[in-house]
Amino acid sequence: MSEIKGRIAILTSGGDAPGMNAAIRAVVRAGISKGYEVYGIIHGYNGILNREIKKLDFRDVSEKIQHGGTFLFTARSSEFRPMEGKMKAAAICKELGIEHLVVIGGDGSFTGAKNLSKFGINIIGLPGTIDLDIAYTEYTIGFDTAVNTAMEAIDKLRETSNSHDRCSVVEVMGRSAGYIALWCGIANGAEEILLPEKFDNNYDKLIDTIKKNKAKGKTHQIIVNAEGVGHSNELAERIEKETGIETRATILGHVQRGGTPTARDRVYASLMGAYAVKIIDEGKKNRLVGYKDGHIYDVDVMEAFTMTKTIGDFEYEAAMELANRPD
Ligand code: F6P
């Protein structure tokens, strides 16, 4: 067997997202094909500190691509958070000969990775979150599956809501980002979409719109509410009290994070995993892999943290225009 080029370890961190398994599989297989040993770290950054690390072979990632979740498990680590935690993690990686660490996660996981890189570990990030809230990339692993799961659930809600002449408040995930809510709002033709980025907390205006919609002949209404706005049960009670329309709240919750990944999540996650190994092999250091203008690309981790993104006015206004007849 020829000399190995080096050791790559991979972990998943933060909330799981469908497609993470496809990304892990790609890193393992591309890594082995390019002459590296690849190690899986169990339970995110905790797994480094607890030395829950195992070598992964080509066959170890068979039959994984079609499953949601992450077979490496995930965690949020309080021990890793302070600088001492990162120093310890870097020392363990060095002791085990791990020079490159691929981190699949969201913003919080990337903050950890960025700081870990200061202790001499080459970190490569893949965006894994259903929330789509990472500035440097137009796509995140898991968003497509999650938004389709939520969309299908809201289609079902609309049918029962319609049959009962009800209003439905449906809460979708997104603690500080409204992308799932916006996409469902458009895909499900919701009468109202409440996004943390846009909602002005003007509940009187919202109630007024619901009353006007009823007066215009709408027999049922769907209000998509992002988790970041929240209070869906209270909102449903208030709508019922102030409009006289029977109203129910449904919180979709963690069901949105599970499920069979869509083709898009499998394919993009696979390409991002292969790309991560490609740039390691090219000698690149401390990069985040993303998707922009139709291509997988990479950006310096420090530069990525200077970027911001928000929901455009056009998308939001168009969603409203398409759902509600003018006064
Ligand atoms: O994965 C992102 C996310 O779904 C957020 O939208 C949500 O607020 C959060 O995770 C909740 O995660 P947990 O319940 O696992 O802490």
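Residues numbered from 1 in each chain as written. Predicted model: local features only at pLDDT ≥ 70, side-chain atom pairs only at ≥ 80, totals over all residues. Heavy atoms only, no water.

As a further point, take the overall build of the protein. When you go through the protein residue by residue, the secondary structure sums to eleven helices and eleven strands. Across its three principal directions, the C-alpha atoms of the protein cover 75 × 35 × 35 Å. Burial statistics for the protein: of 327 residues in total, 55% are counted as buried. Across the protein, the fraction of contacts at a sequence separation of at least 24, relative to all contacts at a separation of at least 6, is 74%. Accessible surface for the protein amounts to roughly 14500 Å². Of this, 50% is attributable to carbon and sulfur atoms. Counting 41 positive and 45 negative side-chain charges, the protein places the centres of these two groups 4 Å from one another. (Helix = DSSP H or I, 4+ residues; strand = E, 2+ residues; numbered from the N terminus. Buried < 20%, exposed > 50% of the residue type's maximum accessible area, 1.4 Å probe, protein only. Contact = heavy atoms within 4.5 Å. Areas by Shrake-Rupley, 256 points an atom, 1.4 Å probe, with all protein chains shown as cover. Lys, Arg positive; Asp, Glu negative; His and termini not counted. Charge placed at Lys NZ, Arg CZ, Asp CG, Glu CD.)

Here we come to the site of the ligand. If you check the shell around the ligand, you find Arg76, Ile130, Asp131, Met173, Gly174, Arg175, Glu227, His254 and Arg257 and nothing else. Between an oxygen atom of the ligand and a side-chain N or O atom of Asp131, the distance comes to 2.9 Å. Contact with the protein chains hides 80% of the accessible area of the ligand, taken as 390 Å² for the molecule alone. Judged by the proximity of its atoms to the pocket grid, the ligand belongs to the largest pocket. Looking at the shell around the ligand residue by residue, the class counts come to two nonpolar, two polar and five charged. Shared between two domains, the shell around the ligand holds at least three residues of each, these being domain 1 (7-142 + 261-304) and domain 2 (144-257). (Near = heavy atom within 4 Å. Polar contact = N/O pair within 3.5 Å; in protein donor to acceptor, adjacent residues only side chain to side chain. 1 Å grid on protein atoms, 1.4 Å probe; cavity = no way out; pocket = protein on both sides within 12 Å on 5 of 7 lines; lining within 4 Å. Sits in = over half its atoms within 2 Å of the grid points. Nonpolar A, V, L, I, M, F, W, Y, C, P; charged D, E, K, R; others polar. Domains from an automatic or database assignment.)

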